[in-house]
Each structure stands twice: as structure tokens, then as C-alpha cells.
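# Overview (structure and organization)
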Amino acid sequence: MKKSLKQLRHLLDSKQVSAVELTQECLKRINDNPNSNAYITVTEDEALSNAKAAQEIIDSGEAKPLTGIPAAVKDNICTSGIKTTCGSKMLEEFTPFYDARVITQLKKQNYVLLGKTNMDEFAMGNSNRTSYFGSVPNPHDGERVAGGSSGGSASAVVSGACAYALGTDTRGSIRQPAAHCGITGLKPTYDLISRQGVAAFSGSLDTVGFLTNSAEDCAFLISALAYVCGTMWDALSDMKGIKIAVVKEFFPDDLDSSVKQAVMNTVTELEKAGAVVVETSVPTLEYAAAASFVISSAEGVTAMSRYDGVKYGLRGEGYTYDEQIRDSRTRGFGMEVKRRLMLGNYTLIGENYNEFFRKSLAIKQQLCREFDEVLDNADVIISPTTASTAFKTDEVINPAKLYSSAMYSVPANMTGLPCVSSPCNKAGMPVGVSVTGRKFDELRILQIADYIEKAVSV
């Protein structure tokens, strides 16, 4: 399953392999590796049925780019008739009667759905340890985290339990697990991929994106679903004429030495290949993680308010509505969700609204201005994806430290810019390097990520 999506398309269209055979191979890998815990729900019967229908389309000569190619979908993206749990006890039995817009697009291409992947509860986490259905171990070291919140999607791609996976990214939830698992993760420009039918966490930051084996696969997907890249895709033979910005605030003293070395080695190799390195500064970057946490928690309060045990979610016990909703949320939400909802409510009460929430929005706007200024003088920004490599699953980490570590990934969410994380080393635990570009310039960042993956990673 390590073949590219373009290669799989050729194999299917040339009848060297059938959609059913491809799907059966993925299902075998899922069943042979239950300890990966990558999937919450495996839709084996539906997958085989989809594959048979896709094969008929292929045989008719009317296949679309994703026809017959098996995919995994993060479990906060609604799928009609198939459980969508968001990794929470609150929605353990929830089955939507509608598809998310992105699923509708995939169905129009006769894709094959293998199942719904594990995730941090309601996408609140960066380790996949907050899932009600258990954590997802790192495929490279079972004692370490796969990352989150799209940890199940990342693990499934690495193990070949799907050809590609959908994820969501609010504060780095696609790129961080991609970095920890040694694959490619793309957060497109904000709202380039529709969020309709995706369980909301933070509406101004949430973004639907992809986890794949390569930047080229991301280009294939975004071309198929968002009509970006398309026939314009052309791999770079060198980096001549390309300006890359290195922001000094992305390389603080406490950045893990192995991460810093791998990323700076990547910058050096790009410079050798003809790139022009522009050293610059984004002063507001130090406030990005805290501001994004305030915004996401506050918006999360609104998003979570629908889970009252009446219309949605676990039905609580009690004689009054207040008693029922209290019991529903006490038993239905995990500790991390409760923590963020309490913080979100706190930041919205009275004067706290001005002191925390409005100031965080001002920081968001200032970040947008500063990143735009950087990208006025450079084509892309190169930076670490994470502060360190994957940590141990049983490691106790202060929540504040975990939240602040999003400083490397969250600027792309705060600014709405496209960002891709690619592996930049082959020895030791995986390290991810991020390439951030101008809005709707997915082609450029994916070309540079592709160059890094093919010519730079050592």
C-alpha cells in the first residue's frame, strides 16, 4: 500500500489490480494489527460493497481520480448510517443521517470507505490519549504517542491500513501526528475544503485536510477535491529562485536539539539547491499558542452546547432539565473536554471577555499581518512542526506545557494559511518540517515539501 495515489490510479485503470483486491488488502492489514487501535469503526461490509460498485465504474471507463481507492475518515466527520463518535462516550451511539460535504464529494468519485479513525475526544488533544476508545500507539515505537488529535488517521496511513486518510486541524491536529509518525500532513487554506457536516470544535480555526504517504499524494487529493494543483503539478528539480523565510522565534533555546538539527539541515540543503534564505522575525508568535487556546476553548463552549442529552449525546438522568444535562455532561465528557469548557466559559464571563477573548482576537489579527509581511518577501516559511519527537504514552506532562507546544503548528490556523508537514529525517524517531505559504498557494508548498521528501531527507 506504499504506492502513490497516482500509481494506484494507474494500477486500477490498467486492471493490474481490482478495487476489491485493494480493499481486501487494506482490511487484512486492519485485522492483522488490532493493537494499533487506529480505527474506532471498521466498515468492512460497506467497504467491499463500495469496492464492487467502484470496479463497475472503472470497467466502464468512467473512473474519477479517487474511484476505488480505499480511504480512512477521522471520526468527527459525519458519515450517513455510520457511527460518528468524535472519540467520546457522549456520542458513542450516535449515527448521523447525513454526510459531511467532503464525504459527499468523495462519494461522487466512488471512493471506498474503510472506516472511522480514532482521535482525541472532540479533537481536544495532541496525543490521542484523550480518546474514550483508548490511545493510539506510535507505529515506530509502541511506547510513544502517535500524536493528535488525528492520531488514528496517521497510524492507519503508516501501516498501510488505508491509501490516504482525512483529518481535521484546529491547532495542528493533522500536522503534529504526521510529524510524529513520519508521514505527510496537509492543512489547506482555511475553508478550502468544506467543514459542513464536521463536528465543530473551534469554527474559526477548524480545517479539513489530509494525511498521506507523500506531498505528491496531498496534491493528488486536493486537486481531486478542491480543484487546486491539477495538471499544474510539476516536481521541482532544484530550488533556484525560491525564497524561504526562517523565523527566529520558531527556534527558541528549549527546542529539542534533534528537531532543530533536522530542520536546520533541511534549510541548509534547500539553500545548496539554490534557495535564497531570508532570516526574519514574527514578534507576536510568542503569544500565538495562548491566544489560540483561549479562542478555541471559547468557541468550543458554543460548539459543545448542543450536547445536552436531548437532541444529541448521552441521555442523562434526573427529574429536571438541569439535572439531566448535568448528568449527561458529567458522564459523557472526558476530563480534557471538561477542562477546556471550564476555561472557555471563564474567558467569556464579564470583564474576562475583554481581558482574554478580545485580546486573543487582536493577537490573531496581528499574527495575520506579520505573516503576510513575511510572505511578501518570501515564497514560503520553513519551520519545525513540533517542539520534540513523540513522547512516551505514560509520560505525565503539565497541560500548560502541552498547550504551549502548539506554538509551532497553530500560527497556520490563526492566519488561515496553508501548511504542510513532511518528514525530514530517516534515523531515530520521525521529525517533521513545516512549509507554510500564501493563501491558496497549496501548489507551491507541496512542490517544496515534495522536494524535501525526495532530495533532502537523510
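The structure we're discussing is the one just above.
Described in the following lines is the structure provided in the data block. (Residues numbered from 1 in each chain as written. Predicted model: local features only at pLDDT ≥ 70, side-chain atom pairs only at ≥ 80, totals over all residues. Heavy atoms only, no water.)

This paragraph deals with empty space enclosed by the protein. Enumeration according to the criterion identifies 1 cavity of 30 Å³ or more in this entry. If you add up the space inside the largest cavity, you get close to 60 Å³. Residue lining of the largest cavity: Arg 175, Phe 250, Phe 371, Ile 381, Ser 383, Tyr 408, Ser 409, Pro 411, Ala 412, Cys 419, Ser 434 and Thr 436, and that is the complete set. Of all the secondary-structure elements, those providing two or more residues to the lining of the largest cavity are strand E11 (380–384), helix H14 (410–415) and strand E13 (432–437). Here the lining of the largest cavity is composed, by residue class, of 7 nonpolar, 4 polar and 1 charged. (1 Å grid on protein atoms, 1.4 Å probe; cavity = no way out; pocket = protein on both sides within 12 Å on 5 of 7 lines; lining within 4 Å. Points joined across faces, edges and corners; volume = space filled by probe spheres on them. Helix = DSSP H or I, 4+ residues; strand = E, 2+ residues; numbered from the N terminus. Nonpolar A, V, L, I, M, F, W, Y, C, P; charged D, E, K, R; others polar.)

Pairing is mixed in the open sheet, where 11 strands are placed in the order E1-E3-E2-E6-E8-E7-E12-E13-E11-E9-E10. Bordering the open sheet on either side are strand E1 (39–42) and strand E10 (276–280), each of which pairs with just one other strand. Each adjacent strand pair in this sheet contributes to an overall mean axis angle of 25°, direction not counted. Here strand E7 (residues 184–187) runs beside strand E12 (residues 419–423); their pairing, made up of 3 bridges, is antiparallel. Looking across to E12, one finds that Lys 187 is bridged to Cys 419. Across the face of the sheet, helix H3 (residues 44–59) comes into contact with E1 and strand E3 (112–117) while running at roughly 155° to E3. Sitting on the sheet, helix H7 (residues 215–226) is in contact with strand E6 (164–169), E7 and strand E8 (207–212), with an inclination near 140° to E8. (Pairing = 2+ DSSP bridges. Axes fitted to C-alpha atoms, helices over the stretch in contact; angles between N-to-C directions. Contact = heavy atoms within 4.5 Å.)

This part is about the pattern of salt bridges. In this structure the tally under the stated criterion is 17 salt bridges. Across the salt bridge formed by Glu 216 and Lys 454, the nearest N and O atoms sit 3.6 Å from each other. One end of the pair, Glu 216, is in helix H7; the other, Lys 454, is in helix H15 (residues 442–456), and 238 residues separate them in sequence. Its salt-bridge partner being Lys 454, residue Asp 450 comes within 3.2 Å of it at the nearest N-O pair. Remark: Lys 454 and Asp 450 occur in helix H15; sequence separation between them is 4 residues, near one turn of the helix. Using a relative accessible area of 57% as the deciding quantity, one classes Lys 454 as exposed. Through salt bridges with shared partners, a single ionic network connects Glu 216, Asp 450 and Lys 454. (Salt bridge = Lys/Arg side-chain N within 4 Å of Asp/Glu carboxyl O. Buried < 20%, exposed > 50% of the residue type's maximum accessible area, 1.4 Å probe, protein only.)

Next up on the list: the nonpolar core. With 118 residues, the main nonpolar core has Tyr 164 and Leu 446 as its most contacted residues. Membership of the second largest hydrophobic core comes to 16 residues, among which are Met 90, Ala 123, Ala 199 and Leu 341. (Core = buried A, V, L, I, M, F, W, Y, C linked by side-chain atoms within 4.5 Å.)

Tallying each qualifying case throughout the model produces 10 aromatic pairs. A centroid spacing of 5.9 Å and a plane angle of 80° characterise the contact between Phe 122 and Phe 333, whose relative ring orientation is edge-to-face. Of the two residues, Phe 122 is situated in the loop between E3 and strand E4 (137–138) and Phe 333 in the loop between helix H10 (321–332) and helix H11 (335–348); the sequence distance between them amounts to 211 residues. Residues Phe 122 and Phe 333 agree in their burial class; the two are buried. One aromatic cluster is present, built from ring pairs that chain together Phe 94, Phe 122, Tyr 307, Tyr 312 and Phe 333. (Phe/Tyr/Trp six-rings, centres within 6.5 Å; stacked < 30°, edge-to-face > 60°.)

With that out of the way, let us pick up the layout of surface pockets. Quantified by volume, the largest pocket comes out at close to 820 Å³. If you go around the largest pocket, you meet 39 residues; those closest to its centre are Asn 126, Lys 401, Leu 402, Tyr 403 and Ser 405. Elements that contribute at least two residues to the lining of the largest pocket include exactly helix H6 (175–181), H11 and helix H13 (399–404). At 5 residues, H13 tops the list of elements feeding residues into the lining of the largest pocket. Broken down by class, the residue content of the lining of the largest pocket amounts to 13 nonpolar, 17 polar and 9 charged. One number sums up the size of the second largest pocket: a volume of about 400 Å³. Looking at which element gives the most residues to the lining of the second largest pocket, the answer is H15, with 3 residues. The class makeup of the residues in the lining of the second largest pocket is 7 nonpolar, 7 polar and 6 charged.

It is worth spelling out helix H4 (residues 101–108) at this point. Regarding H4, the residues found buried are Val 102, Ile 103 and Leu 106. All buried residues of H4 project into a common sector of 100° when viewed along the axis, lining one side. Each element contacted by the buried residues of H4 is listed here: strand E2 (70–74), E6 and H7. Asn 110 sits one or two positions beyond H4 and adopts a positive phi of about 55°. (Arc of directions from axis to C-beta.)

So yeah, pure geometry; function would need other evidence.
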